[in-house]
There are 2 protein chains.
Amino acid sequence: MKKPEEQFLDYLARKRLKNTSQRMTILSAFLRQKAHLSTEEFYLQLRKKHPGIGYATVHRTLKLFAECGIASERNFGDGQMRFEVSLGNEHHDHLVCTSCGQILEFENQQIEQLQVDVAKTHNFIIEDHRLELYGLCSACHSTGQQSVS
Amino acid sequence: MKKPEEQFLDYLARKRLKNTSQRMTILSAFLRQKAHLSTEEFYLQLRKKHPGIGYATVHRTLKLFAECGIASERNFGDGQMRFEVSLGNEHHDHLVCTSCGQILEFENQQIEQLQVDVAKTHNFIIEDHRLELYGLCSACHSTGQQSVS
DNA sequence: CTATAAATTGAAATCCGTTTTCAATATCGT
DNA sequence: ACGATATTGAAAACGGATTTCAATTTATAG
């Protein structure tokens, strides 16, 4: 498995794009982050340490990460695009807490297989898929908490 | 099972909202439509027969349908909100063709059960979920068609 | 059947996240 | 170091969803 840094640099070289300090700063911050942050949230985090980097650059760089395969774009229906590290983090689906916003990942090979079966019966070729369960995470329902607002 | 018309009128009465000709026109057009239309697409269709009805009214009325349970909002990641008749159309997931845009529905009870199992192991209470398979429908891959553009 | 209060309507304006524009700056191959 | 080319940050533009507002329609009370 190639390292994300390497894969990104390869991609830049292949596309004749340039290696800039902003891109490297954003990459290392991105690889360090754990949560599924939106562009806005990520930008606000980054700005604390690197106030010089603009929102547009962050946005463009996250898109580059997605293009070169080290990140994947996610959309949990809240109107914000989110990015997660995908390289070295194999396919998984999500549990999204509607109370605290926490996003947990899970894998289930049986579900994956059943999806393939469904596709087969509809003569459909799967390119991608998404499965999200929305509800209350353990912490939120055990405290009786229903909402953060 | 209550009829959609009835359920909508009950909802209006309960909320002290008014029964207008626009709302009834939109309701009957909505119940008649088969595809998973976006607000914009639905509005353009409707306008052919009912040019007097404005986009804002269509939008507001579709939201009312969702509130009262006869429609459900869907988001297939293309940045458009879509509505489908949900009353009398039990839970199902979707196959979305990335070439022609067609949206097929399917149900799979085994997948549903596995989702419940996953939730249980994470001590998570499911309120809702979404499963979408993206790829090429039968028609699109059998003709070798890869894109409509 | 009015009169009146309240909800609705359509057009236009606003919102809000995403994406693009553009002039100044930085990078990279030579 | 030079010159061509890509990148940057700020601000503008974009696109779909939502709200505003004055005019109109509906429902209720008299």
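Residues numbered from 1 in each chain as written. Chains lettered and ligands numbered in written order. Predicted model: local features only at pLDDT ≥ 70, side-chain atom pairs only at ≥ 80, totals over all residues. Heavy atoms only, no water.

Concerning the protein's contact with DNA strand C
Link 1 in the chain: Contacts to DNA strand C come from 22 residues, most closely from His59 of chain A together with Thr20, Arg23, Thr57 and Arg60 of chain B.
Link 2 in the chain: A distance of 3.2 Å is found between a base oxygen of DNA strand C and a side-chain nitrogen or oxygen belonging to arginine 60 of chain A.
Link 3 in the chain: Take glycine 54 of chain B: an N or O atom from its main chain is 3.2 Å from a phosphate oxygen of DNA strand C.
Link 4 in the chain: Listed by contribution, the elements that provide at least two residues to the surface near DNA strand C are helix H4 (55-68) of chain A together with helix H2 (21-32) and helix H4 (55-68) of chain B. (Near = heavy atom within 4 Å. Polar contact = N/O pair within 3.5 Å; in protein donor to acceptor, adjacent residues only side chain to side chain. Helix = DSSP H or I, 4+ residues; strand = E, 2+ residues; numbered from the N terminus.)

Observations regarding the pairing of strand S4 (residues 103-106) of chain A
Link 1 in the chain: Across 4 bridges, the pairing between strand S3 (residues 93-97) of chain A and S4 of chain A is antiparallel. Within the sheet, the bridge partner assigned to aspartate 93 of chain A lies in S4 of chain A and is phenylalanine 106 of chain A. (Pairing = 2+ DSSP bridges.)

So, the nonpolar core
Link 1 in the chain: Judged by nonpolar contacts, the single largest core of 26 residues is most densely connected at Leu133 of chain A together with Phe124 of chain B.
Link 2 in the chain: Elements supplying a minimum of two residues to this core: S3, helix H5 (109-121) and strand S5 (125-136) of chain A together with strand S3 (93-97), helix H5 (109-121) and strand S5 (125-136) of chain B.
Link 3 in the chain: Not counting residues within four places of it along the chain, the set of residues in contact with leucine 133 of chain A comprises His94, Leu95, Val96 and Phe106 of chain A together with Gln115, Val118, Phe124, Ile126, Asp128 and His129 of chain B. (Core = buried A, V, L, I, M, F, W, Y, C linked by side-chain atoms within 4.5 Å. Buried < 20%, exposed > 50% of the residue type's maximum accessible area, 1.4 Å probe, protein only. Contact = heavy atoms within 4.5 Å.)

As for the packing of aromatic side chains
All names here are of chain A.
Link 1 in the chain: Inspection of the entire model under this criterion finds 8 aromatic pairs over all chains.
Link 2 in the chain: On the basis of an interplanar angle of 85° and a centroid distance of 5.0 Å, the ring pair of phenylalanine 8 and phenylalanine 65 is categorised as edge-to-face. Placement of the pair is phenylalanine 8 in helix H1 (residues 4-14) and phenylalanine 65 in helix H4, with a sequence separation of 57 residues.
Link 3 in the chain: Taking relative accessible area as the criterion, phenylalanine 8 reaches 0% and is therefore assigned buried.
Link 4 in the chain: The interplanar angle of 35° and the centroid separation of 5.4 Å between the aromatic rings of phenylalanine 30 and phenylalanine 65 together place this pair among those described as tilted. Of this pair, phenylalanine 30 sits in helix H2 (residues 21-32) while phenylalanine 65 is found in helix H4, placing the two residues 35 residues apart along the sequence.
Link 5 in the chain: Residue class for phenylalanine 30 comes out buried when judged on its relative accessible area of 1%.
Link 6 in the chain: Following the ring pairs from residue to residue traces out a cluster consisting of Phe8, Phe30, Phe42 and Phe65. (Phe/Tyr/Trp six-rings, centres within 6.5 Å; stacked < 30°, edge-to-face > 60°.)

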